[in-house]
2 protein chains.
Amino acid sequence: MQDGTFSSLGHLQETRRGNAYARDCPTRQLLDLIGDKWSVLILLLLGEEEVRFSRLKQRIDGISQKMLSQTLKSLERDGLVTRHAVATVPVTVSYRITPLGRELLGALQMMIDWAETRMPYVADAQREFDRRLSIADHREAL
Amino acid sequence: MQDGTFSSLGHLQETRRGNAYARDCPTRQLLDLIGDKWSVLILLLLGEEEVRFSRLKQRIDGISQKMLSQTLKSLERDGLVTRHAVATVPVTVSYRITPLGRELLGALQMMIDWAETRMPYVADAQREFDRRLSIADHREAL
DNA sequence: CCGTATCCAGCATGATACTG
DNA sequence: CAGTATCATGCTGGATACGG
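Residues numbered from 1 in each chain as written. Chains lettered and ligands numbered in written order. Predicted model: local features only at pLDDT ≥ 70, side-chain atom pairs only at ≥ 80, totals over all residues. Heavy atoms only, no water.

The name an unreviewed UniProt entry assigns to chain A is Transcriptional regulator, from the organism Sphingomonas psychrotolerans.

(A) View of the overall build of chain A. The helix and strand tally for chain A stands at 6 helices and 3 strands. In chain A, the succession of α and β elements from N to C terminus is α-α-α-β-α-α-β-β-α. The buried share of chain A, reckoned over its 142 residues, is 42%. In chain A, once contacts between residues fewer than 6 apart in sequence are set aside, the share between residues at least 24 apart is 41%. Accessible area for chain A stands at about 7,800 Å²; split by element, carbon and sulfur atoms hold 53% of it. (Helix = DSSP H or I, 4+ residues; strand = E, 2+ residues; numbered from the N terminus. Buried < 20%, exposed > 50% of the residue type's maximum accessible area, 1.4 Å probe, protein only. Contact = heavy atoms within 4.5 Å. Areas by Shrake-Rupley, 256 points an atom, 1.4 Å probe, with all protein chains shown as cover.)

(B) How the structure looks around the relation of the copies chain B and chain A. When chain B is fitted onto chain A, the two copies agree to an RMSD of 0.1 Å after a turn of 180 degrees and an axial shift of 0.0 Å. Within this description, the copies of the chain are treated as partners about a two-fold rotation axis. Of every C-alpha in chain B, the one belonging to G35 of chain B sits nearest the axis of rotation, 2.3 Å from it. The residues that chain B uses at the interface reappear at the interface of chain A in 98% of cases, marking a shared surface. (Least-squares fit on C-alpha atoms with pLDDT ≥ 70 in both.)

(C) Broad picture of the protein's contact with DNA strand C. Neighbouring residues of DNA strand C: 17 residues in total, closest F53, S54 and R83 of chain A together with K37 and K66 of chain B. Of all atoms in DNA strand C that approach within 4 Å of the protein, 61% are sugar or phosphate atoms. A distance of 3.0 Å separates a phosphate oxygen of DNA strand C from a polar side-chain atom of S69 of chain A. At a separation of 2.6 Å, a phosphate oxygen of DNA strand C approaches a polar side-chain atom of K37 of chain B. Looking at the surface near DNA strand C, the elements with two or more residues in it are α4 (53–59), α5 (65–77) and β3 (92–97) of chain A together with α5 (65–77) of chain B. Looking at which element gives the most residues to the surface near DNA strand C, the answer is α5 of chain A, with 4 residues. Its residues assigned to classes, the surface near DNA strand C shows 7 nonpolar, 3 polar and 7 charged. (Near = heavy atom within 4 Å. Polar contact = N/O pair within 3.5 Å; in protein donor to acceptor, adjacent residues only side chain to side chain. Nonpolar A, V, L, I, M, F, W, Y, C, P; charged D, E, K, R; others polar.)

(D) Quick peek at the protein's contact with DNA strand D. Around DNA strand D, a shell composed of 17 residues is seen, among which K37 and K66 of chain A together with F53, S54 and R83 of chain B lie nearest. Atoms of DNA strand D within 4 Å of the protein: sugar and phosphate make up 62%, bases the balance. Here S54 of chain B contributes a backbone N or O atom positioned 2.7 Å from a phosphate oxygen of DNA strand D. Between DNA strand D and Q65 of chain B, the relevant distance is 2.8 Å, taken from a base nitrogen to a side-chain nitrogen or oxygen of the residue. For the surface near DNA strand D, the elements supplying multiple residues, two or more each, are α5 of chain A together with α4 (53–59), α5 and β3 (92–97) of chain B. Broken down by element, the residue count for the surface near DNA strand D peaks at 4 residues, all from α5 of chain B.

(E) Expanded view of the pattern of salt bridges. Counted by the stated rule, this structure contains 16 salt bridges over all chains. E103 of chain A is paired through a salt bridge with R118 of chain B; the nearest N and O atoms lie 2.6 Å apart. Note that E103 of chain A is positioned in helix α6 (residues 99–140) and R118 of chain B in helix α6 (residues 99–140), a pairing that runs across two chains. According to the relative accessible area criterion, E103 of chain A is partly exposed, its value standing at 33%. A salt bridge links E128 of chain A to R132 of chain A; its shortest N-O distance comes to 2.9 Å. Taken as a pair, E128 of chain A and R132 of chain A lie in helix α6 at a separation of 4 residues, close to a single helical turn. E128 of chain A gets classed as partly exposed once you look at its relative accessible area, which sits at 29%. It is possible to trace a salt-bridge network through shared partners that takes in E128, R131 and R132 of chain A. (Salt bridge = Lys/Arg side-chain N within 4 Å of Asp/Glu carboxyl O.)

Structure (structure tokens):
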């Protein structure tokens, strides 16, 4: 079904560089990494300072130990944070953001700013949409 | 468990404005909207021009009719795109990005640029991480 | 303290078939 | 052409308990 799409894209100029619409474009790959529930929150915290595991768990509202551990390992694998273990008893582990991670955080800043100023408008649009929908549903029920 | 977090954040200065670490911060709300599999790809296409449903389906590699319909309705509900139906037979429907959606696209541009230039480094880091892990696993098996 | 294993519920996505 | 309904499925995230 899509083979034709791919080959026709070989010599295209879709305005943006590269094939931005393939399901495996870099943007989607990135969203697969950070589009989850906790990654960005963790990166934001680590962007300020090195933080210990237990402190992260305290400061991130509602995260489970499992998800914190899992997300940190993921971020470490992606080269966005580093893990530093000190062999005390019990062991002490802290995490730092990498230069690559810090760069990403910078690239996300405009998005974060947009979210903080514009999400209220999105919420308005959603309410309006739902209101119209419920009216339409009501008519339909006649 | 997290109530203390919230109240203590009342008079904080966590570097970034607002409580960026709550699970319902605007940034996470935004990621809930566009962190899915298709939203950004659709927005990018609509950012160039008004596009018909069938054309979107052709151009977005691998999307199902259900997911296209569902994602478009979601974006419409969020106020990021608008739907325009023409009562031909059969009906003709096209979608346009809204000013709010275009603004979001602008805010995403740095992230998109970062993804296109830096995702290779992420891929490198992942390979390196997996390589070391397999070595460790191998030792462990002795 | 930090991390993992297990089990489980809910949701996101997809295949397919059907309708106006 | 555009969209919905149904059903199946894999994955994400959460609860809990255990281990180093």
